[in-house]
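One letter stands for each residue in the lines below.
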Amino acid sequence: MIKKNKVVSIAYCLKNTKGEELDQAGADKPLEYLHGCGNIVPGLENALDGLKVGNKKDVTVKPEDGYGEILTDLKMEVERQAFPADQKIAPGMQFMGELKDGKKHPFNVVEVKEDKVRVDGNHPLAGQTLQFSVEIIKIRDATSEELKHGHAHGEGGHHH
Ligand code: ZN
């Protein structure tokens with residue numbers, strides 16, 4: 001049964017409210033995560049609690065339980081000069097920026113103007129209601145290393 005500190009493999013399909021597919025993982029290449037450690041969005045993690053292998057569930061996740069609401073503070077224009085002159089900048093590129101409180105945060109380039117660059121630090125799925133269809137493929141105990149790291153070390157899925 002799925003509970004805290006179990007490593008869970010799920011096959012899933014993620015759609016938005018218009019029914020467009022945003023992401024998916026098949027049963028042959030499931031997503032493996034450490035349950036109860038915030039590896040996946042809280043709305044999905046909570047909904048999977050207590051499920052067993054073979055169970056299927058449709059889960060609707062509101063923005064506040066998913067990737068958050070869109071924060072206008074994270075949409076901003078920065079001077080082109082803030083980037084190295086020889087660095088190519090194009091929409092879709094991601095870079096690490098700094099928030100007002102000094103925390104590092106990933107930003108995406110939205111538009112490049114002559115001397116300004118428009119960037120957005122919101123997650124691409126922020127503000128969206130997410131519709132997951134999930135099937136539980138496998139549940140196992142976490143290793144002590146996984147518990148120490150706070151994430152699953154699957155075959156090929158381990159990266160830091
Ligand atoms: Zn690790």
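Residues numbered from 1 in each chain as written. Predicted model: local features only at pLDDT ≥ 70, side-chain atom pairs only at ≥ 80, totals over all residues. Heavy atoms only, no water.

Once that is clear, we can look at the overall build of the protein. When its secondary structure is counted, the protein shows two helices and nine strands. Tracing the protein from N to C terminus, the helices and strands come up as β-β-β-α-β-β-β-β-β-β-α. Taken along the three principal axes of its C-alpha coordinates, the protein extends 55 × 40 × 30 Å. The proportion of buried residues among the 160 residues of the protein is 32%. Sequence-distant contacts, at least 24 apart, represent 61% of the contacts inside the protein between residues at least 6 apart. Accessible area of the protein: about 10100 Å², with a carbon and sulfur share of 48%. (Helix = DSSP H or I, 4+ residues; strand = E, 2+ residues; numbered from the N terminus. Buried < 20%, exposed > 50% of the residue type's maximum accessible area, 1.4 Å probe, protein only. Contact = heavy atoms within 4.5 Å. Areas by Shrake-Rupley, 256 points an atom, 1.4 Å probe, with all protein chains shown as cover.)

Here the focus is unusual backbone geometry. Positioned with a positive phi, Asn5 is a non-glycine residue whose angle comes to about 70°. Assignment of secondary structure puts Asn5 in the segment before β1 (6-15).

Right, let's talk about the layout of surface pockets for a bit. To find leftover empty space, one rolls a probe the size of a water molecule over the atoms. Taken as a whole, the second largest pocket spans an internal volume of roughly 280 Å³. For the second largest pocket, the lining is made up of 18 residues, of which Tyr12, Asp23, Leu31, Ile40 and Tyr67 are closest to its centre. If you list the elements that add at least two residues to the lining of the second largest pocket, you get β1, β2 (21-25) and β3 (31-34). Taken together, the residues of the lining of the second largest pocket break down into 13 nonpolar, three polar and two charged. (1 Å grid on protein atoms, 1.4 Å probe; cavity = no way out; pocket = protein on both sides within 12 Å on 5 of 7 lines; lining within 4 Å. Points joined across faces, edges and corners; volume = space filled by probe spheres on them. Nonpolar A, V, L, I, M, F, W, Y, C, P; charged D, E, K, R; others polar.)

Our focus in this paragraph is the sheet that holds strand β8 (residues 116-120). One open sheet holds the four strands; their spatial order is β5-β8-β7-β6, and the pairing between them is antiparallel. The open sheet has two edge strands, β5 (75-79) and β6 (94-98), and neither has a second partner. Shown here is a sheet whose adjacent strand axes are inclined to one another by a mean of 45°, direction ignored. Two strands pair when backbone bridges link them, and β6 and strand β7 (residues 104-112) are joined in this way by five bridges, in the antiparallel orientation. (Pairing = 2+ DSSP bridges. Axes fitted to C-alpha atoms, helices over the stretch in contact; angles between N-to-C directions.)

So, about the domain arrangement of the protein. Domain annotation of the protein identifies domain 1 (6-67 + 125-149) and domain 2 (72-120). For domain 1 versus domain 2, the distance between C-alpha centres works out to 31 Å. (Domains from an automatic or database assignment.)

Structurally, Glu45 can be placed in helix α1 (residues 42-48). The charged side chain of Glu45 is buried without a salt bridge, its nearest counter-charge being Lys4 at 7.8 Å. (Lys, Arg positive; Asp, Glu negative; His and termini not counted. Salt bridge = Lys/Arg side-chain N within 4 Å of Asp/Glu carboxyl O.)

With that out of the way, let us pick up the pattern of salt bridges. Enumeration according to the criterion identifies nine salt bridges in this entry. The salt bridge partner of Glu79 is Lys116, with a shortest N-O separation of 2.8 Å. Of the two residues, Glu79 is situated in strand β5 and Lys116 in strand β8; the sequence distance between them amounts to 37 residues. Judged by relative accessible area, which is 37%, Glu79 ranks as partly exposed.

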